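# Summary of the model geometry
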Amino acid sequence: MNGVLIICHAPLAHAMRQCALHVFPDCGATVAAVDVQPNLSPEETLATARIALQQLMDVPQVRTALVLTDLFGATPSNVAQKLVDGVNTRLVTGVNLPMILRAVSYRHEPLDALVARAVSGGTQGVMQVAITAPQNQKRIQHHDPDTHFHQQ
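Here the focus is the environment of Met1. Take Met1: it is sitting in the segment before strand E1 (2-9). Classification of Met1 as partly exposed rests on a relative accessible area of 34%. With 63 residues separating them along the chain, Met1 and Thr64 place their C-alpha atoms 6.9 Å apart. Not counting chain neighbours up to four residues away, the residues in contact with Met1 comprise Thr30, Gln61, Val62, Arg63, Thr64, Arg107 and His108.

In structure tokens:
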């Protein structure tokens, strides 16, 4: 099984982990989070991330890990690049909630397959949603000033 380590600007990593636990209450041991604090150096953050990854890899069923970060080129991603080895750990940036839920759902698959699932979940979770345009709605005549019409 794969572990999932989320490294993001504070408080995003822990918030995303909490969302994953809301949907998958049994994933707590295999999903970890490191919030990058603005007052800590990258070296301190890397030390914290190494501890979190080691604790995740110490879970008996975890053999490999997927590391997810929020923004390529920022501190979380730069720290994660120093953390992952490309063999037992892989890195994907641009994390969003659909990506995390997909990663948690398929954490039992091989690491390469999990990376592909996470990326597709993240990209498929981003879409423009059409709304009903006001010009398509029937106009209401306002004769009574005490009557309030609210759209739902």
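This part covers the nonpolar core. Counting residues in each nonpolar core, the largest one holds 22 residues, and the members touching the most others are Ile6, Leu66, Leu68, Val95, Ile100 and Ala103. Elements represented by at least two residues in this core include exactly E1, helix H1 (12-23), strand E2 (31-36), strand E3 (64-69), helix H4 (97-105) and helix H5 (111-124). Here Leu66 is in contact with Gly3, Val4, Leu5, Arg90, Val92, Ala103, Leu111, Leu114, Val115 and Ala118, once residues within four sequence places are set aside. Among the nonpolar cores identified, the runner-up in size contains 16 residues, and Leu5, Ile7, Leu46 and Ala65 belong to it.

With that out of the way, let us pick up the packing of H1 against H4. Running from N to C, H1 and H4 point in directions that differ by 50°, and their axes come no closer than 10 Å. With respect to H4, the element H1 is oriented oblique. When the axes of H1 and H4 are compared, the crossing they make is right-handed. Along its contact with H1, which presents Met16, Cys19, Ala20 and Val23, the element H4 presents Leu97, Ile100, Leu101 and Val104. Taken together, the residues of the contact of H1 with H4 sort by class into eight nonpolar, no polar and no charged.

Definitions and limits used
Residues numbered from 1 in each chain as written. Predicted model: local features only at pLDDT ≥ 70, side-chain atom pairs only at ≥ 80, totals over all residues. Heavy atoms only, no water. Helix = DSSP H or I, 4+ residues; strand = E, 2+ residues; numbered from the N terminus. Buried < 20%, exposed > 50% of the residue type's maximum accessible area, 1.4 Å probe, protein only. Contact = heavy atoms within 4.5 Å. Core = buried A, V, L, I, M, F, W, Y, C linked by side-chain atoms within 4.5 Å. Axes fitted to C-alpha atoms, helices over the stretch in contact; angles between N-to-C directions. Parallel < 35°, antiparallel > 145°, perpendicular 65-115°, else oblique. Left-handed = near helix turned anticlockwise from the far one by under 90°. Nonpolar A, V, L, I, M, F, W, Y, C, P; charged D, E, K, R; others polar.

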